[in-house]
Amino acid sequence: MKQPAHENLPDAHQDNYSRTTFGFWLYLMSDFILFGALFAAYIVLSDATFGGPTAKSLFRLPYTFTQTCILLVSTLAVGLGGASAHRRDKNKTLLFFAATFVLGAIFMGMEFNEFHRFSSA
């Protein structure tokens, strides 16, 4: 019995790179869901402090939203850099990894600024 022609070809969805890429995008989507759930919880519970400090005294929502966007875009940039490296496109790889570094430095600077604000209050 002769095998169909398509069974002689390797399954492109089962190689290591495809599984790793799928895992990365699954991780990135789970980050989006997690951050979306945290923002939704903030919106719903922002007035329910039971006499404690209010959310407005603790958080600056536009600042936090900006940090979240920077973090997610840097994750996307590192993923695109990895994909470019896999395609052996040196210029795009360097561009995406440089963007990841810059976004990471901005995020860390914002985090240090926020920690300083919390510690000096």
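This text goes with the structure placed above it.
Here's what I pulled together on the structure shown here. (Residues numbered from 1 in each chain as written. Predicted model: local features only at pLDDT ≥ 70, side-chain atom pairs only at ≥ 80, totals over all residues. Heavy atoms only, no water.)

1. Section: the overall build of the protein chain
Thought 1: Tallying secondary structure elements over the protein chain gives four helices and zero strands in all.
Thought 2: If you list the helices and strands of the protein chain from N to C, you get α-α-α-α.
Thought 3: The buried share of the protein chain, taken over its 121 residues, is 20%.
Thought 4: For the protein chain, restricting intrachain contacts to residue pairs at least 6 apart in sequence, the fraction spanning at least 24 positions comes to 65%.
Thought 5: Accessible surface, the protein chain as shown: approximately 9300 Å² in total, 70% of it carbon and sulfur. (Helix = DSSP H or I, 4+ residues; strand = E, 2+ residues; numbered from the N terminus. Buried < 20%, exposed > 50% of the residue type's maximum accessible area, 1.4 Å probe, protein only. Contact = heavy atoms within 4.5 Å. Areas by Shrake-Rupley, 256 points an atom, 1.4 Å probe, with all protein chains shown as cover.)

2. A few points about the environment of Ile 106
Thought 1: Along the chain, Ile 106 falls in helix H4 (residues 90-120).
Thought 2: Overall, Ile 106 belongs to the partly exposed group, its relative accessible area being 40%.
Thought 3: In this structure, the C-alpha to C-alpha distance between Ile 106 and Gln 67, residues 39 residues apart in sequence, is 8.7 Å.

3. So, helix H3 (residues 61-86)
In an α-helix, one turn spans 3.6 residues; hence positions three or four apart end up facing the same way.
Thought 1: With 26 residues, H3 extends 38 Å from end C-alpha to end C-alpha; this agrees with the ideal 38 Å at 1.5 Å per step.
Thought 2: Listing the buried residues of H3 in full gives Tyr 63, Gln 67, Thr 68, Ile 70, Leu 72, Ser 74, Thr 75, Ala 77, Gly 79, Gly 81, Ala 83 and Ser 84.
Thought 3: In the stretch just after H3, Arg 88 is the one whose phi turns positive, near 60 degrees. (Expected span 1.5 Å × (residues − 1).)

4. Structural notes on the layout of surface pockets
Thought 1: If you add up the space inside the largest pocket, you get close to 300 Å³.
Thought 2: Residue lining of the largest pocket: 13 residues in total, with Leu 38, Phe 39, Phe 59, Thr 64 and Thr 68 positioned closest to the centre.
Thought 3: Contributions of two or more residues to the lining of the largest pocket are made by helix H1 (16-45), H3 and H4.
Thought 4: Top contributing element to the lining of the largest pocket by residue count: H3, with five residues.
Thought 5: Residues that form the lining of the largest pocket fall into these classes: nine nonpolar, three polar and one charged. (1 Å grid on protein atoms, 1.4 Å probe; cavity = no way out; pocket = protein on both sides within 12 Å on 5 of 7 lines; lining within 4 Å. Points joined across faces, edges and corners; volume = space filled by probe spheres on them. Nonpolar A, V, L, I, M, F, W, Y, C, P; charged D, E, K, R; others polar.)

5. Some remarks on unusual backbone geometry
Thought 1: Of note in this structure, Arg 88 is not a glycine but carries a positive phi near 60 degrees.
Thought 2: Tracing the backbone through its elements, the reader meets Arg 88 in the loop between H3 and H4.

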